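Listed here are the chains, written in short residue letters.
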Amino acid sequence: MERTAYPRFKRLITAHELHFFFAPSREEVEWATARTDCDEHLLAQLLVLKSYQRMGCFPKLDEVPDMVVDFVRRAADLPEGTVPRAANRTAERQRTAVRQRTGLSYDKAKARKIAEAVIRSEAVSKNRPADLINIALEKVVEAGLELPGFTKLDALAAKVRTEVNASICAGICEQLSEAHRERLLALLSEKDSSGTTKCNRLKQSAKAPTWSHFRAQAEHLGWVDGLGETGA
């Protein structure tokens, strides 16, 4: 997750970020108070609201950092030691209220459809899962939809990426003649004196830019060209 733009709580949150992103207004406290019946539910409702405003998704209450909980509790003038609490039904009602207030749509199927379409389109030219997830996040946000959970996005990117890569490989294979296929398979079976296959040698990358490495790379490319019709 840390390699993507998926919203999450930072390990260290500055005082400025606490005040800018998590300070509930008087109107927000009044709004939350009207919808709750105890201090624990009130604190939970405010945390759900401010977290959703910041991230576009709902973290679990136990995922909210203690410093955020303490800050919101003091901002709402709740008794020291008040712990956010909401049972499953209460938590769902709170999330529904926040969605209605913020105007973001809750449509898991539509969000997944948008994410899958853009991942499938971009996977043709991009291979890093983090890049694919970031593009999907951007499009879902542009559509005004609540973000899917990260685990679902990660699994979706892996699934689509596998399908697209398999399609690319199949397309390449279809263009090869039988002789070309045999030559490629031979790269996996034929080994040099050190026991390394030609396929492994073929993947050798260039080293640091020194004159001796440049000569070695030129020799390597000459060997590659000798394997067959590289242009084809």
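Residues numbered from 1 in each chain as written. Predicted model: local features only at pLDDT ≥ 70, side-chain atom pairs only at ≥ 80, totals over all residues. Heavy atoms only, no water.

### Observations concerning the overall build of the chain
Scanning the chain from terminus to terminus reveals 11 helices and zero strands. Secondary structure elements of the chain occur, N-terminal to C-terminal, as α-α-α-α-α-α-α-α-α-α-α. Its C-alpha atoms give the chain a radius of gyration of 27 Å, more than 25% over the compact-globule value 17 Å for 232 residues. Based on the C-alpha atoms only, the size of the chain along its principal axes is roughly 80 × 40 × 25 Å. Here the chain holds 232 residues, and 33% of them are scored as buried. (Helix = DSSP H or I, 4+ residues; strand = E, 2+ residues; numbered from the N terminus. Rg over C-alpha atoms; globule rule 2.2 N^0.38 Å. Buried < 20%, exposed > 50% of the residue type's maximum accessible area, 1.4 Å probe, protein only.)

### With respect to the nonpolar core
Formed by 46 residues in total, the largest nonpolar core has its most connected members in Val-68, Val-72 and Ile-119. Going through the elements one at a time, α1 (15–22), α2 (26–33), α3 (39–55), α4 (66–75), α5 (88–102), α6 (108–122), α7 (129–142) and α8 (150–175) are the ones with two or more residues in this core. When residues of this core are assigned to their parent elements, the largest contribution, eight residues, is made by α3. (Core = buried A, V, L, I, M, F, W, Y, C linked by side-chain atoms within 4.5 Å.)

### Considering unusual backbone geometry
Its identity as a non-glycine residue notwithstanding, Asp-77 has a phi of 60°, on the positive side. As for its placement among the helices and strands, Asp-77 is situated in the loop between α4 and α5.

### Some points on the side chain of His-220
Tracing the sequence through the fold places His-220 in helix α11 (residues 211–225). Ignoring sequence-local partners within four residues, the contact set of His-220 consists of Arg-201, Leu-202 and Gln-204. (Contact = heavy atoms within 4.5 Å.)

### Remarks on the packing of α7 against α8
Packing of α7 against α8 brings their axes to within 10 Å, and their N-to-C directions diverge by 120°. The angle between α7 and α8 places the two elements in the oblique class. The crossing of α7 and α8 is right-handed. The segment α7 lies against α8, with Pro-129, Leu-132, Ile-133, Ala-136 and Leu-137 engaging Phe-150, Leu-153, Asp-154, Ala-157 and Arg-161. (Axes fitted to C-alpha atoms, helices over the stretch in contact; angles between N-to-C directions. Parallel < 35°, antiparallel > 145°, perpendicular 65-115°, else oblique. Left-handed = near helix turned anticlockwise from the far one by under 90°.)

### Things to note about the packing of aromatic side chains
Scanning the model with the defined rule gives five aromatic pairs in all. Judged by centre distance (4.1 Å) and plane angle (15°), the rings of Tyr-52 and Phe-58 are stacked. This pair shows no difference in class: Tyr-52 is buried, exactly as Phe-58 is. The ring of Tyr-106 is capped by Arg-99, whose NZ or CZ atom sits 3.6 Å from the centre of that ring. (Phe/Tyr/Trp six-rings, centres within 6.5 Å; stacked < 30°, edge-to-face > 60°. Lys NZ or Arg CZ within 6 Å of the ring centre and 35° of its normal.)

### What about a nonpolar patch on the surface?
A surface patch of nonpolar side chains, about 260 Å² in accessible area, is lined by Val-124, Ile-168 and Ile-172. In this fold, Ile-172 is placed in helix α8. A relative accessible area of 47% means that Ile-172 is categorised as partly exposed. (Patch = residues over 30% accessible without salt bridge, like charges linked within 9 Å, V, L, I, M, F, W, Y side chains within 5 Å. Areas by Shrake-Rupley, 256 points an atom, 1.4 Å probe, with all protein chains shown as cover. Salt bridge = Lys/Arg side-chain N within 4 Å of Asp/Glu carboxyl O.)

### So, α3
Under the 1.5 Å per step criterion, the end-to-end length of α3 is 24 Å for 17 residues, consistent within 8% with the ideal 24 Å. When you tally the buried positions in α3, you get 13 out of 17 residues, the bulk of the element. With its phi angle positive at about 80°, Gly-56 sits one or two positions after the end of α3. (Expected span 1.5 Å × (residues − 1).)

### A short note on α6
Under the 1.5 Å per step criterion, the end-to-end length of α6 is 21 Å for 15 residues, consistent within 8% with the ideal 21 Å. Those residues of α6 not exposed but buried are Ala-111, Ala-115, Val-118 and Ile-119. Across the axial projection of α6, the buried residues extend over an arc of 100°, all falling on one side. In α6, the exposed positions that point more than 90 degrees away from the buried face belong to Ala-109 and Lys-113. Against the buried residues of α6 lie α7 and α8. (Arc of directions from axis to C-beta.)

### Observations concerning the pattern of salt bridges
What the rule picks out here adds up to 15 salt bridges. Two residues, Glu-28 and Lys-50, come together in a salt bridge whose shortest N-O distance is 3.0 Å. Taken together, the residues Glu-28 in helix α2 and Lys-50 in helix α3 connect sequence positions 22 residues apart. Considered together, Glu-28 and Lys-50 belong to a single accessibility category, that of buried residues. The residue Arg-95 makes a salt bridge to Glu-92 at a minimum N-O spacing of 2.8 Å. You can see Arg-95 and its partner Glu-92 sitting in helix α5, three residues apart, about one turn around the helix. Residue class for Arg-95 comes out partly exposed when judged on its relative accessible area of 25%.

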